[in-house]
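Each chain is listed here by its residues.
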Amino acid sequence: MTSLNTYLSRSLLLAGVAGLVMLSACGKKPEAPAAEKPAAEAPKAEGEGDGHGHGAEGGEEEAGGEKTTMTDEAAKAGGVEIGVAGPGNVDETVTIAGRVEIAPEGRGEVRAWYPGRIMSMTAQLGQKVSKGQTLARVESSESLQTYSIPAGISGTIIEKNANVGDISAGDRPMYVIASSNAIQASFYLFPRDAESVRTGQAVSIKTLGGKVITATVNSMLPSVDPRTQTLTAIVKLPASAAEELRPGMAIEGQFVTSQTPANIAVPVDAIQTLEEKQVVFVKEGTTYTARPVQLGRQSARMVEIVGGLEGGETIVTKGSFLIRADIAKSGAEHEH
């Protein structure tokens, strides 16, 4: 009886499977779902893709499409300067350390003309005096006559080596005057640098305030310092340098050892890095566009452009970091 029940169960199962197969073969296939209609194009955000603002056309995010707009007044207030790309010289330079000094003609010593007692001293340390101004009176030990000692140059009292009542024998100055309009710089050249520095070469000195002072090598001292084994190059500084440089101040000078012409050369300050590319900012009206460029030879002041920029184009030569920052700021705002 058990075998018969098993046989009947299997038969019924096979019959059910066969029926399902036949229904599948004869029946209609279920309809495929209707194709989804394309979603309506989202409206563009205000200003998107209209050429105003930032990013390349078509939404490409690459250096060269990045731009910003800025009024000429705002750019000038931010320190942005404009120039025209064109030929220039790329300098080969060497950096040499030096020190600011008072030039020999800018130093005046006030001494007694005859030995005697100092009766009066009218100037104090740090005081500014004028040429011909009476600074002291001395009573001669021989004639017992009192005579006046005037300032030989105009300048500032930097030394006072006597007092009223002292006996002045003339072997030591009572005062030392320094003229702020007569300063120079001494640069100390090691043998490897001395071979490339010559009289008449241009020198650029950058002050602590960022100002660049340009001068020339006036002379080379013939003797070598026995302690340091260095030669000394003397650079006379313009009178305006006294506003930034003081005697005793340590400085560095960029000595131009050679110049090579370039078809297009721009200031170092014109170059910025944007999305890992070197760019300059080309100005058209009030729009500044990042232009990728290929760099050639470089110096401390100028960079040769060998690709990506044509002569005659208007570019940012100084303050380019402000344009870069404005592009980065606006790009961050667009991401939100």
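We now turn to the structure provided with this report. Please read all numbers here as calculations on a predicted model, not as lab measurements.

A word on the overall build of the protein chain
Each helix and strand counted, the protein chain has four helices and 22 strands in total. Considering only residue pairs separated by 6 or more positions, the protein chain has 68% of its internal contacts joining residues 24 or more positions apart. For the protein chain, the accessible area works out to roughly 20,800 Å², and carbon and sulfur atoms hold 53% of it.

Thoughts on the pairing of strand β13 (residues 202–206)
Sheet topology places β13 next to strand β14 (residues 212–220); five bridges connect them, and they run antiparallel. Of the residues in β14, the one forming a bridge with Val 203 is Ala 215. Hairpin connection of β13 to β14: five residues between the antiparallel strands, including Gly 210 at a positive phi of 95°. Bridge count between β13 and strand β16 (residues 250–267): three bridges; the pairing is antiparallel.

A closer look at the sheet that holds strand β8 (residues 146–150)
Taken together, four strands build an open sheet; the order of strands is β8-β7-β5-β10 and the sheet is antiparallel. In this open sheet, the two edge strands, each paired with only one partner strand, are β8 and β10 (167–168). Where strand β5 (residues 116–121) lies against strand β7 (residues 134–140), five bridges are found, and the strand directions are antiparallel. When the bridges of β7 are listed, Arg 117 appears paired with Glu 139.

Details of the sheet that holds strand β4 (residues 107–110)
An order of β4-β11-β9-β6 is seen for the four strands of this open sheet, with the pairing classed as antiparallel. Strands at the two margins of the open sheet, each flanked by one partner only, are β4 and β6 (128–129). Pairing between β4 and strand β11 (residues 175–178): four bridges, direction antiparallel. From the neighbouring strand, Arg 107 faces β11, where its bridge partner is Ala 178.

Considerations on the side chain of Thr 68
Topologically, Thr 68 is positioned in strand β1 (residues 67–69). A distance of 2.4 Å separates the side chain of Thr 68 from the side chain of Asp 326, its partner in a polar contact.

Describing unusual backbone geometry
In this model, Leu 144 sits at a positive phi of 60°, which is unusual for a non-glycine residue. Within the fold, Leu 144 resides in the loop between β7 and β8. Its identity is not glycine, yet Gln 229 carries a phi of approximately 60°, on the positive side. One can find Gln 229 in the loop between β14 and β15 (231–236).

Brief notes about the packing of aromatic side chains
Each aromatic ring pair is described using two quantities: the centre-to-centre distance and the angle formed by the ring planes. For the structure shown, the criterion picks out three aromatic pairs. For the pair Tyr 114 and Tyr 147, a centre-to-centre distance of 5.5 Å together with 85° between the ring planes defines the contact as edge-to-face. Taken together, the positions of Tyr 114 in the loop between β4 and β5 and Tyr 147 in strand β8 put the pair 33 residues apart, joining distant regions of the chain. On the numbers, 5.1 Å between centres and 85° between planes, the contact of Phe 187 with Phe 255 is edge-to-face. Here the residue Phe 187 occupies a position in strand β12 (residues 183–189), and Phe 255 occupies one in strand β16, the gap between them amounting to 68 residues. Assessed through its relative accessible area of 0%, Phe 255 is described here as buried. Feature note: the residues Trp 113, Tyr 114 and Tyr 147 constitute an aromatic cluster, connected by ring pairs.

Some words on the environment of Ile 305
In this structure, Ile 305 sits in strand β21 (residues 302–307). Here the alpha-carbon distance between Ile 305 and Asn 263, two residues 42 residues apart in the chain, equals 8.0 Å.

A short note on the pattern of salt bridges
When the charged atoms of two side chains lie near each other, side chains of opposite charge can form a pair. For the structure shown, the criterion picks out eight salt bridges. In this structure, Lys 236 engages Glu 105 in a salt bridge whose closest nitrogen and oxygen atoms are separated by 3.5 Å. Taken as a pair, Lys 236 in strand β15 and Glu 105 in the loop between β3 (86–102) and β4 lie far apart in primary sequence, 131 residues in all. Residue classification places Lys 236 among the partly exposed positions, given a relative accessible area of 31%. Across the pair Glu 304 and Arg 297 runs a salt bridge whose closest N-O atoms are separated by 2.8 Å. A relative accessible area of 13% places Glu 304 in the buried class. Through salt bridges that share partners, Arg 107, Glu 109, Arg 111 and Glu 159 make up one connected network.

Conventions used here
Here the residue numbering is sequential within each chain, running from 1 through the sequence in written order. Reporting in this predicted model follows two pLDDT cut-offs: at least 70 for local features of residues, and 80 or more for side-chain atom pairs to be given and counted; totals over whole chains, interfaces and linings ignore these cut-offs and use all residues. Hydrogens are left out, water is left out, and the side-chain values use all remaining heavy atoms of the structure. Think of it this way: any DSSP run of H or I at least four residues long counts as a helix, any run of E at least two long counts as a strand, and we number them from the N terminus. What makes two residues a contact is simply this: any of their non-hydrogen atoms within 4.5 Å. Computed with a 1.4 Å probe, the accessible areas rest on the Shrake-Rupley method; for each residue, only the protein chains presented here act as cover. For two strands to count as paired, DSSP must find a minimum of two bridges between them. Here a polar contact means two N or O atoms within 3.5 Å. Within protein one must be a hydrogen donor candidate and the other an acceptor candidate, and residues neighboring in sequence count only if both atoms are side-chain atoms. A pair of aromatic rings is counted whenever rings of Phe, Tyr or Trp (Trp by its six-membered ring) have centres within 6.5 Å, and the orientation is called stacked for planes under 30 degrees apart, edge-to-face for over 60 and tilted otherwise. Exposure classes here rest on a 1.4 Å probe applied to the protein chains alone. A residue is buried below 20% of its type maximum, exposed above 50%, and partly exposed in between. Salt bridge, as used here, is a side-chain nitrogen of Lys or Arg placed within 4 Å of a carboxyl oxygen of Asp or Glu.

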